[in-house]
Amino acid sequence: MLTLASRVDVMNRLGRAMADPTRSRILLALLGGPGYPAKLARELELTRTNVSNHLACLRGCGIVVAEPEGRQTRYEIADPHLAAALTALVDVTLAVDEHVPCIDPACSVPGCCDTPAGTGEDVS
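Residues numbered from 1 in each chain as written. Predicted model: local features only at pLDDT ≥ 70, side-chain atom pairs only at ≥ 80, totals over all residues. Heavy atoms only, no water.

A word on the layout of surface pockets
For the second largest pocket, the calculated volume is near 190 Å³. What lines the second largest pocket is simply Met18, Ser24, Leu27, Leu28, Leu31, Leu86, Leu89 and Val90. Broken down by secondary-structure element, the contributors of at least two residues to the lining of the second largest pocket are helix H2 (21-31) and helix H5 (80-94). With 4 residues, H2 is the single largest residue contributor to the lining of the second largest pocket. Of the residues that constitute the lining of the second largest pocket, the class distribution is 7 nonpolar, 1 polar and no charged. (1 Å grid on protein atoms, 1.4 Å probe; cavity = no way out; pocket = protein on both sides within 12 Å on 5 of 7 lines; lining within 4 Å. Points joined across faces, edges and corners; volume = space filled by probe spheres on them. Helix = DSSP H or I, 4+ residues; strand = E, 2+ residues; numbered from the N terminus. Nonpolar A, V, L, I, M, F, W, Y, C, P; charged D, E, K, R; others polar.)

Below you can see the structure in the form of structure tokens.
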């Protein structure tokens with residue numbers, strides 16, 4: 001049974017993984033099925049070293065698993081429940097109305113609330 005502390009740890013690990021745009025792109029690619037570092041690097045237009053470093057982070061967080069296949073390593077989402085949850089989360093995110101302003105005065109998301117990232121100042 002998960003304790004409150006372990007649930008917080010899970011949330012922190014997921015948050016860390018999704019907070020980085022490159023890791024998010026890799027996770028989205030892996031939602032489509034297993035991937036290999038070289039192929040992911042080509043598809044995402046990243047260096048193989050960059051992809052490998054991010055995959056190591058995702059693996060360390062327990063979000064992806066690595067399976068050796070000869071001279072290659074196949075990466076995939078660690079658990080089908082996690083893949084379903086990430087898919088559901090993306091579906092919710094995609095349904096957000098981009099025209100509704102953010103209510104967070106400290107919002108630092110570029111393009112949100114028509115403010116420069118991190119300033120909280122209106123540019124209209």
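Once the structure has been displayed, the description carries forward.
A closer look at the pairing of strand S1 (residues 64-69)
In this sheet, strand S2 (residues 72-77) lies alongside S1 in antiparallel orientation, the contact comprising 6 bridges. Pairing of Glu67 across the sheet is with Arg74, part of S2. In this structure, the hairpin formed by S1 and S2 is closed by a connection of 2 residues, where Gly70 is found at a positive phi of approximately 65 degrees. (Pairing = 2+ DSSP bridges.)

Observations regarding the confidence of the model for the protein
On average, residues of the protein carry a pLDDT of 83, and 81% of them reach 70 or more. In the model, residues 115-124 has pLDDT below 50 throughout and makes 14 contacts with residues more than four positions away in sequence or in other chains. (pLDDT = per-residue confidence, 0-100. Contact = heavy atoms within 4.5 Å.)

Description of the pattern of salt bridges
Taken as a whole, this structure holds 4 salt bridges when the rule is applied. With its nearest N and O atoms 3.7 Å apart, the salt bridge here joins Glu43 to Lys39. Linking Glu43 with Lys39, this pair stays in helix H3 (residues 37-44), spanning 4 residues, or about one helical turn. Here Lys39 falls in the partly exposed class, since its relative accessible area comes to 42%. Between Glu76 and Arg74 there is a salt bridge; the shortest N-O distance is 2.9 Å. Put simply, Glu69, Arg74 and Glu76 are held in one network by salt bridges that share partners. (Salt bridge = Lys/Arg side-chain N within 4 Å of Asp/Glu carboxyl O. Buried < 20%, exposed > 50% of the residue type's maximum accessible area, 1.4 Å probe, protein only.)

Observations regarding H2
Along H2, the positions that sit buried rather than exposed are Thr22, Arg23, Ile26, Leu27 and Leu30. Down the axis of H2, the buried side of the element spans an arc of 135 degrees, and every buried residue falls inside it. Near the N-terminus of H2, the side chain that reaches the backbone nitrogen of Thr22, with its oxygen 2.9 Å away, is that of Asp20. Looking one or two places after H2, you find Gly33, whose phi comes out positive at around 140 degrees. (Arc of directions from axis to C-beta. Polar contact = N/O pair within 3.5 Å; in protein donor to acceptor, adjacent residues only side chain to side chain.)

Structural notes on the environment of Gly35
With respect to the helices, strands and loops of the structure, Gly35 is situated in the loop between H2 and H3. For Gly35, a relative accessible area of 5% translates into the label buried. Sequence separation between Gly35 and Arg74 is 39 residues; the distance between their C-alpha atoms is 5.6 Å.

Examining unusual backbone geometry
The phi dihedral of Glu45 falls on the positive side, at around 55 degrees, and the residue is not glycine. Counting through the fold element by element, Glu45 comes out in the loop between H3 and helix H4 (48-60).

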